[in-house]
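Okay, here's what each chain looks like letter by letter:
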Amino acid sequence: MANPQTADFLSFRRTFTLLIVLVVLPSAGLSGFGVVAIVNERAAVEKRLEASWAGRLESAWREVSARLGALTVVAEAPLRVESRGVALLESTFDVRGDEVVAEDARLVAVVKSLVPQFAVVPSEPVVFSASTPQGVFLLVALRRNGVVHGGFVSARALEQVVHEVSAPLLAGGEPAQLTMLPVKQVPAEGVLARLASGVSEAREAALGPPELSSLSLPSPMQDFRLVAQAIGEDPVGKASARNRTVYGVLLGLFYVTLALGVVYTGRSLYREARLSRLKTDFVSLVSHELRTPLTSIRMFIDMLAMGRVKDQAEMQTVLDLLSRETSRLSTMIETVLDFSRLESGKKQYDKQPVPVQALVEAAVDAFKAQRVGAVMQFSVEVEPNLPTLLLDQDALAGAVLNLLQNAFKYTHDDKRITLRARQHGPEVVIEVEDNGVGIPRREQRRIFDRFYRVDSLLTRQTEGTGLGLSIAQRIVEAHGGHISVDSTPGKGSTFRVHLPLGG
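One numbering rule holds for all chains: residues counted from 1, following each sequence as written. Where local features are concerned, this predicted model is filtered to residues with pLDDT of at least 70; where side-chain atom pairs are given and counted, the filter is 80 or more; whole-chain, interface and lining totals use all residues. For the side-chain quantities, the full set of heavy atoms in the structure was used; hydrogens and water were omitted.

Draft legend 1. Seen up close, the overall build of the chain. Helix and strand assignments come from DSSP, with helices taken as H or I runs of at least 4 residues and strands as E runs of at least 2, each series counted from the N terminus. When you go through the chain residue by residue, the secondary structure sums to 11 helices and 18 strands. Across the 503 residues in the chain, those meeting the buried criterion constitute 37%. Contacts were defined at the residue level, with two residues in contact if any of their heavy atoms lie within 4.5 Å. Of the contacts made within the chain by residues no fewer than 6 positions apart, 64% connect residues no fewer than 24 positions apart. About 28,700 Å² of surface is accessible on the chain, with carbon and sulfur atoms providing 56% of the total. For each residue, the accessible area found with a 1.4 Å probe, counting protein chains only, is set against the maximum for its type, and the residue is called buried under 20%, exposed over 50%, and partly exposed in between. What sets the accessible areas is the Shrake-Rupley method with a 1.4 Å probe; for residues, cover comes only from the shown protein chains.

Listed below in structure tokens is the structure:
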């Protein structure tokens, strides 16, 4: 049978899953159709522009191809070529068999991947494109005496050549420019892949100059395309800007409202489930912890009432046990009451100037009084000349005492506990270090939650309500400080109380 905690969690998960299925998924589908609609809205305008630019792009490519086919070799090693006075190369390389020597060491891998293509390089300079894992490149190469001399065409030089060729073709038309760009990857089959490709194209159009038309180039320039880009306002965007703006605003408001609603509803559901679990845990834990001392007290009282204790020494032993169990019961009840006062905000602090030394001594005295006769190695290290702080000594001593009690309870027989106090920058740090079982990293953020206890064999065998650290944290935070923990499973824990000097 599932326990209440598991049942609450499953109920929350089912409810939240139902919320996602009934609200978020249909909304995501609606948004997807909206994106498709935006992409299709641009399609008609783009088709008209492509048709009007097709002839001019063909003419421009013929001129660019002629310019790149009639290069002037200025030098062979390293290779230097020009196109009507424009130096084309930004980085050169030489290939001798399988050996590659590149001017830019970062491009050696690129050249090596193209070695098979260099086998057919003629003695005259040839321009060709290459697509490699490192990117798409435009290269110039020629062969001399069995050595291939080549270089990478500069994007700026290529842009200058295209600009000189296209200037007469663009005169008198709409403001645009021609440029050469790598060929776009063909999207994979399927609706989702095409939708993703459409979204990517829309993002590229928003970030860069809008494309009016493009021309895929023939071999050996098959990895590039000649593109006409709008200058200034996008003609396609101008035609559909109003509808896109209205739809975008409505979609944005819809998403904001949806996100806020889902987050708020999810948080509310989670809080209700967690509150229900905490209430159940609280009743179960308190009932269990109170039952043990009450059972012992009743047993000892029955022994006294029935006259089973004859000897004076036995009588004193029973009375000592009754006193201890009563004190234990009182401590548990006081812990619950303290927590109740902290939760309701009714806890009042009497802050007075208190030396740190006095605070440490108060916590140590209380700890020793509660652990009289306990076998342990307990040491106190207080840095001299610590400042006086404005605080409630009883409350903060109780917080440090909680840390000391935890250090005692969650260590094995060879108990070594150290209490330190020192100044660190603008704060005083009080440390409680032990050699106990330690706390796994994934649990360290939760140990300060109400009623939470780390699940381990020693924890299950040790009494506690899971409120001590939560109460200590609330007290320290009320004094403007915080508690941190550094712990390794099997090696012990160090809890640190950080108190500001101005507190």
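There is more to say, and it comes next.
Draft legend 2. Broad picture of the sheet that holds strand β13 (residues 377-382). Whether two strands pair comes down to DSSP finding at least two bridges between them. Reading across from one edge, β13-β15-β16-β18-β17 is the order of the five strands in this open sheet, with mixed pairing throughout. Strand pairing shows two members of the sheet lacking a second neighbour, β13 and β17 (482-488), which therefore form its edges. Across the sheet, the mean angle separating the axes of adjacent strands is 15° when strand polarity is ignored. Of the pairings in the sheet, the one linking strand β15 (residues 416-424) to strand β16 (residues 427-434) comprises eight bridges and is antiparallel in character. When the sheet's bridge partners are listed, I417 is paired in β16 with D434. Structural elements are reduced to axes, namely lines fitted to C-alpha atoms, with helices fitted over the stretch in contact, and the angle between N-to-C directions of any two is expressed from 0 to 180 degrees.

Draft legend 3. The arrangement of the confidence of the model for the chain in detail. On average, residues of the chain carry a pLDDT of 77, and 71% of them reach 70 or more. Each residue carries a pLDDT score, the predictor's own confidence in it, on a scale running from 0 to 100. Averaged over each element, pLDDT in the chain is lowest for helix α10 (residues 457-460) (44) and highest for strand β8 (residues 147-153) (93).

Draft legend 4. Molecular detail of the sheet that holds strand β2 (residues 79-83). In space, the three strands of this open sheet follow the order β1-β2-β3, with antiparallel pairing throughout. The open sheet has two edge strands, β1 (72-76) and β3 (86-87), and neither has a second partner. Here four bridges tie β1 to β2, and the two strands are oriented antiparallel to one another. Each bridged residue has a counterpart across the sheet, and for A75 the counterpart in β2 is R80.

Draft legend 5. Representation of the side chain of R67 within the structure. Structurally, the position occupied by R67 is in helix α1 (residues 4-69). Pairing of N or O atoms within 3.5 Å defines a polar contact, subject to two protein rules: one partner must be a possible hydrogen donor and the other a possible acceptor, and residues neighboring in sequence count only if both atoms are side-chain atoms. Side-chain polar atoms of R67 contact the side chain of E164, separated by 3.0 Å. Once residues lying within four places of it in the same chain are set aside, the contact partners of R67 are S83, R84, V86, V161, E164 and V165.

Draft legend 6. How the structure looks around the environment of L212. Following the sequence through the fold, L212 ends up in strand β10 (residues 211-216). Each C-alpha atom of the pair L212 and A230 lies 6.4 Å from the other, and the pair is 18 residues apart in sequence.

Draft legend 7. Summary view of the pairing of β16. For β16, the tally of buried residues reaches seven of eight residues, placing the bulk of the element in the interior. The turn linking β15 back onto β16 is made up of two residues, and G425 within it adopts a positive phi angle of 65°. Judged from the seven bridges that link them, β16 and strand β18 (residues 492-500) form a sheet pairing that is antiparallel. Bridge pairing links V429 to H498 in β18.

Draft legend 8. Main features of the packing of aromatic side chains. Between 30 and 60 degrees the pair is tilted, below 30 it is stacked and above 60 it is edge-to-face, where a pair is any two Phe, Tyr or Trp rings, Trp via its six-membered ring, whose centres lie within 6.5 Å. On inspection of all chains with the given rule, the structure shows six aromatic pairs. Summarising the aromatic geometry, the rings of F118 and F128 are spaced 6.3 Å apart at their centres and angled 70° between planes, so their arrangement reads as edge-to-face. Here F118, found in the loop between α2 (108-113) and β6 (126-132), pairs with F128, found in strand β6; they are 10 residues apart in sequence, far enough to count as distant. F128 carries the same exposure label as F118, and that label is buried. Put simply, the rings of F93, F118, F128, F137 and F152 touch in pairs and so form one group of aromatic residues. Over the aromatic face of F408 sits the side chain of K415, whose NZ or CZ is 4.6 Å from the ring centroid. We call a charge positioned above a ring when the Lys NZ or Arg CZ atom is no farther than 6 Å from the ring centre and deviates by at most 35 degrees from the ring normal.

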